[in-house]
Amino acid sequence: MKFFLDTGNMEEITRISRLGLVDGVTTNPSIIAKEQRPFKDIIQDITRLVPGPVSAEVIGTTTEEMIKEGREIATWAPNIVVKLPLTESGLEATYQLSQEGIKTNVTLVFSAAQGLMAAKAGATYISPFVGRLDDIGVDGMKLVRDLKAILNEYNFSTEIIAASIRNIEHVEQAALAGAHIATIPGSLLPSLWKHPLTDIGLERFLKDWASVPQTK
C-alpha cells in the first residue's frame, strides 16, 4: 500500500519524507488555504521535494474552466496529477485531460457508481471519502471494497485513494479492503508508528541496559 500525505505543509512533508513513508501528496483548496501562500508556489515546492504523484485541484465549475486550469496545472511539474470533482463537468474534463495524457484524480467519490463513471472516463485515481461516509452512518470501507471489486472485474488501471482518513483503524481497514493508496493527514501519520507498549518496552530495555557492567 502506498501512503500519500494529505497536506500542503512543507515542514510536515519534509519531516515525514525522511522516514521513506511519502509516496505522494494530495492537496485540496481547503488545505492550500491554510498555508496562506500562492497555490502554484506550494505545489511546485512539493513536487521538487516529492518525486511521486502530487495532486493539485482545479477550482473551476464548468468543463471549459476545468480543462483550461488542468492543462495549466499540468505544466508546473512532471509529477502533477490534476484533481477534479465528480460532477458531470468534472467527468467530461477528466475524459478530455486523460485523452491528452494528463493524469487525473477524481475526488469526492461517495458511491460505487460514481467511482465506476470516473474510471470509465479515464481517471488515473479515484478518491472515495471514507470518513465523511462514516459521519453519516454509512460504511466507508464497504465503498472501498466495492470499488476494488469493480476495478478488478473489468481490468481498470484506475487506482483507489482512500481519502478522508480519520484514524489508525481507517488506514488498517483501507489496506485490508485493498485500497492501492491511503492519503493521510500529516498530523495523523505519527500515530501509525506509535504504540504505548513500544514506549514501555524501550524504557524497560534502557533501564535494564543501565545495569550492565561497562568495559573500562
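Residues numbered from 1 in each chain as written. Predicted model: local features only at pLDDT ≥ 70, side-chain atom pairs only at ≥ 80, totals over all residues. Heavy atoms only, no water.

**A closer look at the overall build of the protein**
Now for step 1: If you tally the helices and strands in the protein, you get eleven helices and eight strands.
Now for step 2: For the protein, the spread of C-alpha atoms along the principal axes amounts to about 75 × 35 × 30 Å.
Now for step 3: Residues classed as buried in the protein amount to 44% of the 216 residues present.
Now for step 4: Long-range contacts, defined as pairs at least 24 residues apart, comprise 56% of the intrachain contacts of the protein with a sequence gap of at least 6.
Now for step 5: Only carbon and sulfur atoms are counted for the fraction: they give 55% of the accessible area of the protein, which is about 11,600 Å².
Now for step 6: When the 21 basic and 26 acidic side-chain charges of the protein are each reduced to a single mean position, those positions are 6 Å apart. (Helix = DSSP H or I, 4+ residues; strand = E, 2+ residues; numbered from the N terminus. Buried < 20%, exposed > 50% of the residue type's maximum accessible area, 1.4 Å probe, protein only. Contact = heavy atoms within 4.5 Å. Areas by Shrake-Rupley, 256 points an atom, 1.4 Å probe, with all protein chains shown as cover. Lys, Arg positive; Asp, Glu negative; His and termini not counted. Charge placed at Lys NZ, Arg CZ, Asp CG, Glu CD.)

**Concerning unusual backbone geometry**
Now for step 1: Of note in this structure, N155 is not a glycine but carries a positive phi near 55°.
Now for step 2: On the secondary structure map, N155 appears in the loop between α8 (140-153) and β7 (159-162).
Now for step 3: A positive phi angle, close to 55°, is found at S164, a residue other than glycine.
Now for step 4: Secondary-structure assignment places S164 in the loop between β7 and α9 (168-177).
Now for step 5: On the basis of relative accessibility, which here comes to 13%, the residue S164 falls in the buried class.

**Looking at the side chain of T26**
Now for step 1: Residue placement: T26 occurs in strand β2 (residues 24-26).
Now for step 2: With a relative accessible area of 2%, T26 lands in the buried category.
Now for step 3: Separated by 2.7 Å, the side chains of T26 and D6 make a polar contact.
Now for step 4: Those residues in contact with T26 that sit more than four places away from it in its chain are F4, L5, D6, T7, I31, S55, K83, N105 and T183. (Polar contact = N/O pair within 3.5 Å; in protein donor to acceptor, adjacent residues only side chain to side chain.)

**Description of the pattern of salt bridges**
Now for step 1: One pass over the full model with this rule turns up eight salt bridges.
Now for step 2: The partner of E100 in a salt bridge is R71, with the nearest N and O atoms 2.6 Å apart. On the criterion of sequence distance, the pair formed by E100 in the loop between α5 (88-99) and β5 (104-109) and R71 in helix α4 (residues 63-74) is long-range, its members being 29 residues apart.
Now for step 3: Here E100 falls in the partly exposed class, since its relative accessible area comes to 35%.
Now for step 4: Here K194 makes a salt bridge to D199, at a shortest N to O gap of 3.9 Å.
Now for step 5: Residues joined by salt bridges that share partners form a network here, namely R37, D45 and R48. (Salt bridge = Lys/Arg side-chain N within 4 Å of Asp/Glu carboxyl O.)

**Thoughts on the pairing of β5**
Now for step 1: Burial runs high along β5: five of the six residues are buried.
Now for step 2: Across four bridges, strand β4 (residues 80-85) lies against β5 in parallel orientation. Within the sheet, the bridge partner assigned to V82 lies in β5 and is T104.
Now for step 3: Between the parallel pair β4 and β5, the chain is carried across by α5, and the sense of this crossover is right-handed.
Now for step 4: The sheet contact formed by β5 and strand β6 (residues 125-128) spans three bridges and is parallel. Note on β6: the bridge partner recorded for V109 is P128. (Pairing = 2+ DSSP bridges. Right-handed = clockwise from strand over helix to strand, strands pointing away.)

**As for α8**
Now for step 1: Compared with the 20 Å implied by 1.5 Å per residue over 14 residues, the 20 Å span of α8 between its first and last C-alpha is a close match.
Now for step 2: Along α8, the residues that are buried comprise G140, M141, L143, V144, L147 and L151. Viewed along the axis of α8, the buried residues span an arc of 150°, placing them on a single side of the element.
Now for step 3: On the buried face of α8, the contacting elements are β5, α6 (112-120), β6, α7 (130-135), β7 and α9.
Now for step 4: Positive phi shows up at N155, right after α8, with a value of about 55°. (Expected span 1.5 Å × (residues − 1). Arc of directions from axis to C-beta.)

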